[in-house]
Amino acid sequence: MNHVGALALVGSGEYMPGMQQLEGELLRSGIERGKSNRYVQLPLAAGRESIDRLRYWQELGAAAAERLDSQEVFLPIYTRADAMREDLAAEVEGAGLIYISGGDPSYLATSLINTPVWEAIERNWRSGSALAGCSAGAMALGADIPNFRKQSEVGTRGLNILPTIRTIPHYNKFFGWIPDSAAKLMVRAPEGVSVIGVDEMTAAVAGLDPQTSYETLSFAVHGVGGVHILRGQATHKYVHGELVNLH
């Protein structure tokens, strides 16, 4: 088969039992598209964290793969130099699910753009592998990543899978103390870009069912929280099972 795989923008919860059902559905979707029962995990966004912290993420990922009865492929990619390695890029080939976990979104995108590892990820996703980005991973899939400390500056270049969507993860915690209208002003999205807030333990998912599609920017909400659509001063929250159309 030769069509794009499922795509998930996850607010938080990678590798946690509460997100196991979604990860299993993503993995199965890749297998149904001709991919193998392999669960590739990319920890690059956390590449500047401590060794103990990286080990923690690896152990969580291994437990998630074991619960799903899948082969875990934890890629030890922590720097741009690691992402340039052809041998590590080869580990991505044929995976049912490719998961980009959390950390620093700007570091992730800067380290991954125009590397063999990213080329392998994108190529496999476009031929059927499911692709999930959690927190920093979700943010990096847009065209740019806003600078939350210096709002007047242009954001960091993203991976550009979703050029018209800017994702704010951990939404129920991140902007819980300010109005949604202020959140829209903070991120200063360019014209034509939809800003979505994805709550913790929640995801916006395209491609798991016929009603949703990456091509039409239609997503289904999975999880215990909501997906919030910010349009100027208006906002709307979608919950589990509801459809979000952004085209």
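Let us look at the structure shown here.

1. Considering the overall build of the chain
Consideration 1: Scanning the chain from terminus to terminus reveals nine helices and 14 strands.
Consideration 2: Looking at the 247 residues of the chain, the share that counts as buried comes to 55%.
Consideration 3: Contacts spanning at least 24 positions in sequence make up 71% of the contacts within the chain whose residues lie at least 6 apart.
Consideration 4: With an accessible surface of roughly 10700 Å², the chain has 52% of that area assigned to carbon and sulfur atoms.

2. Regarding the packing of aromatic side chains
Consideration 1: A complete count under the given rule lists five aromatic pairs for this structure.
Consideration 2: Aromatic side chains Y39 and Y99 sit 6.3 Å apart centroid to centroid with 35 degrees between the ring planes, which places their arrangement in the tilted category. One end of the pair, Y39, is in strand 2 (residues 36-42); the other, Y99, is in strand 4 (residues 95-100), with 60 residues separating them in the sequence.
Consideration 3: For Y39, a relative accessible area of 0% translates into the label buried.
Consideration 4: The class of Y99 is buried, set by a relative accessible area of 2%.
Consideration 5: Here the aromatic residues Y15, Y39 and Y99 are joined through ring pairs into a cluster of three or more.

3. Brief notes about the pattern of salt bridges
Consideration 1: Under the definition given, this model contains nine salt bridges.
Consideration 2: Two residues, R53 and E49, come together in a salt bridge whose shortest N-O distance is 3.8 Å.

4. Examining the pairing of strand 4
Remember that side chains alternate between the two faces of the sheet whenever the strand is regular.
Consideration 1: Burial analysis of strand 4 places six of its six residues in the buried class, the great majority of the element.
Consideration 2: Bridge count for strand 2 against strand 4 is five bridges, and the pairing is parallel. Across the sheet, residue V40 finds its bridge partner in strand 4, namely I98.

5. Things to note about the sheet that holds strand 11 (residues 218-223)
Consideration 1: What the eight strands build is an open sheet, ordered 3-2-4-5-1-10-11-14; its pairing is mixed. Single-partner strands in this sheet number two, and they are strand 3 (71-74) and strand 14 (243-245). In this sheet, adjacent strand axes meet at a mean angle of 20 degrees when their direction is disregarded.
Consideration 2: Against the sheet, helix 1 (residues 20-32) engages strand 1 (7-10), strand 2, strand 4, strand 5 (130-134), strand 10 (202-206) and strand 11, with an angle of about 135 degrees to strand 4.
Consideration 3: Contacts between helix 2 (residues 51-67) and the sheet are confined to strand 2 and strand 3, with strand 3 contributing the most and set at about 160 degrees to the helix.

6. Some words on helix 6 (residues 116-126)
One full turn of an α-helix is made of 3.6 residues, so residues set three or four places apart face in the same direction.
Consideration 1: If you check which residues of helix 6 are buried, you get P116, V117, W118, A120, I121, N124 and W125.
Consideration 2: Downstream of helix 6 by one or two residues, G128 has phi in the positive range, about 130 degrees.

7. Re the environment of G158
Consideration 1: Residue position: G158 is located in the loop between strand 7 (156-157) and strand 8 (165-168).
Consideration 2: We classify G158 as buried; its relative accessible area is 3%.
Consideration 3: C-alpha separation for the pair G158 and S106, spaced 52 residues apart in sequence, amounts to 7.6 Å.
Consideration 4: Each residue touching G158, except ones within four places of it in the same chain, is listed here: A109, I113, A140, G142, A143, D144 and I145.

Cut-offs applied
- Residues numbered from 1 in each chain as written.
- Predicted model: local features only at pLDDT ≥ 70, side-chain atom pairs only at ≥ 80, totals over all residues.
- Heavy atoms only, no water.
- Helix = DSSP H or I, 4+ residues; strand = E, 2+ residues; numbered from the N terminus.
- Buried < 20%, exposed > 50% of the residue type's maximum accessible area, 1.4 Å probe, protein only.
- Contact = heavy atoms within 4.5 Å.
- Areas by Shrake-Rupley, 256 points an atom, 1.4 Å probe, with all protein chains shown as cover.
- Phe/Tyr/Trp six-rings, centres within 6.5 Å; stacked < 30°, edge-to-face > 60°.
- Salt bridge = Lys/Arg side-chain N within 4 Å of Asp/Glu carboxyl O.
- Pairing = 2+ DSSP bridges.
- Axes fitted to C-alpha atoms, helices over the stretch in contact; angles between N-to-C directions.

By themselves, these observations are geometric and do not establish any function.
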